[in-house]
Amino acid sequence: MVEPDAAPSSRRRRQDGRSGAGTRARGRHRGGAEDRFVATVDALGSLAHDGAGVSASVIDTSTGRALLAVDDRLVQPVGSLGRVLLLTEVAARLEDGRLHGDRLQRMARDTATGPGLWQFLQEPTMQVPDLATLVAATADAWATNALLSLVGIDAVRERAEALGVERSAFIDRVRDRRGPDDAPDIAVAASGELSWLMRGLALGEVVDEGVSNRVLGWLSLAADLSLVAGAFGLDPLAHRALDHGLQAVSVTGVGRGVRAEAGVLRGPGSSVSYAVTVTFADDTLDQRLAVVDALRTMGTEVLEAVHTTVTR
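Structural notes, computed from the coordinates. (Residues numbered from 1 in each chain as written. Predicted model: local features only at pLDDT ≥ 70, side-chain atom pairs only at ≥ 80, totals over all residues. Heavy atoms only, no water.)

Further remarks concern the packing of aromatic side chains. Overall, the coordinates contain one aromatic pair when judged by the stated rule. Aromatic side chains Phe232 and Tyr274 sit 6.3 Å apart centroid to centroid with 85 degrees between the ring planes, which places their arrangement in the edge-to-face category. Of the two residues, Phe232 is situated in the loop between helix 7 (209-219) and strand 9 (247-255) and Tyr274 in strand 11 (residues 271-279); the sequence distance between them amounts to 42 residues. With relative accessibility at 5%, the residue Phe232 sits in the buried group. (Phe/Tyr/Trp six-rings, centres within 6.5 Å; stacked < 30°, edge-to-face > 60°. Helix = DSSP H or I, 4+ residues; strand = E, 2+ residues; numbered from the N terminus. Buried < 20%, exposed > 50% of the residue type's maximum accessible area, 1.4 Å probe, protein only.)

See below:
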């Protein structure tokens, strides 16, 4: 689990206003960045020039100072990255005793041919903490739907609002097909809120330290290091411990025309919390690879940032 160099108890700034949950907005890409993120701004700007929706945020975990802000209030689809909010509600209920080692039955209503392992396992029931582990590690579609059926989507929304998360929401279950009466996406978020949420987890301020540590423990098992975290040089299947002075917790959301990631990276010099979302046409493989390349560029500069001691 990520432990920042210092842990001030400053609370995340609330943001005024909301954006439509299903709106695939295109921002004007206003914002700022320190000199160390010049390549990131150029790479994301190139995507925006080609019509992509781009939002990015990097903050110093200890001080809360913004190191990069590119349309960080822009609400965009983030796919399974929204599971951070679901896991927070599940963790809160486990911590306060409303949930224990309850076993959930695999139900036909929860099936979806998305990512994950439960659909390939013989075990028809699993304990709630094990399902949360599957959700965090692999964005397991069946486990996500089972937990969502257990706690209810309204409770997840209320938890987010209680945390001051106003522009990000888990809005629907995982579905194989989305009809006209379904929400257009699983979840939406603004990168600025996601980076602050990850900072709060690192500082033990999301609900409380017990809940934050539980969520971070689950997310530390996330195996997708194909985007920003792909630049960190870590073992995608085993990266919980310090490795060359680095410790990372990252979570991704991936879908057609969507690439998103939020995380915390602790390094020899400092710790940063980050988030980035990109929505794009995804008509060709070249378009998709251009997005991946841009996110890897951001990862390289995030890596460089944690090797530098941030001026207080």
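Once that is clear, we can look at the pairing of strand 10 (residues 258-266). Summarising burial for strand 10: eight of the nine residues are buried, a large majority. With nine bridges connecting them, strand 9 and strand 10 associate as antiparallel partners. Opposite Val249, over in strand 10, you have Val264 as the bridge partner. Linking two consecutive strands that pair antiparallel, namely strand 9 and strand 10, is a turn of two residues; a positive phi of about 75 degrees is found at Gly257 within it. Relative to strand 11, strand 10 runs antiparallel, the two sharing nine bridges. Bridge pairing in strand 11 links Gly263 to Tyr274. Linking strand 10 to strand 11, which pair antiparallel, is a turn of four residues. (Pairing = 2+ DSSP bridges.)

The subject of this paragraph is the pattern of salt bridges. The final tally for this structure, using the stated rule, is eight salt bridges. With its nearest N and O atoms 2.7 Å apart, the salt bridge here joins Glu89 to Arg159. Note that Glu89 is positioned in helix 2 (residues 83-96) and Arg159 in helix 5 (residues 153-162), a separation of 70 residues in sequence. The salt bridge involving Arg288 is made with Asp282; its shortest N-O contact spans 3.1 Å. The exposure class of Arg288 is partly exposed, given its relative accessible area of 29%. (Salt bridge = Lys/Arg side-chain N within 4 Å of Asp/Glu carboxyl O.)

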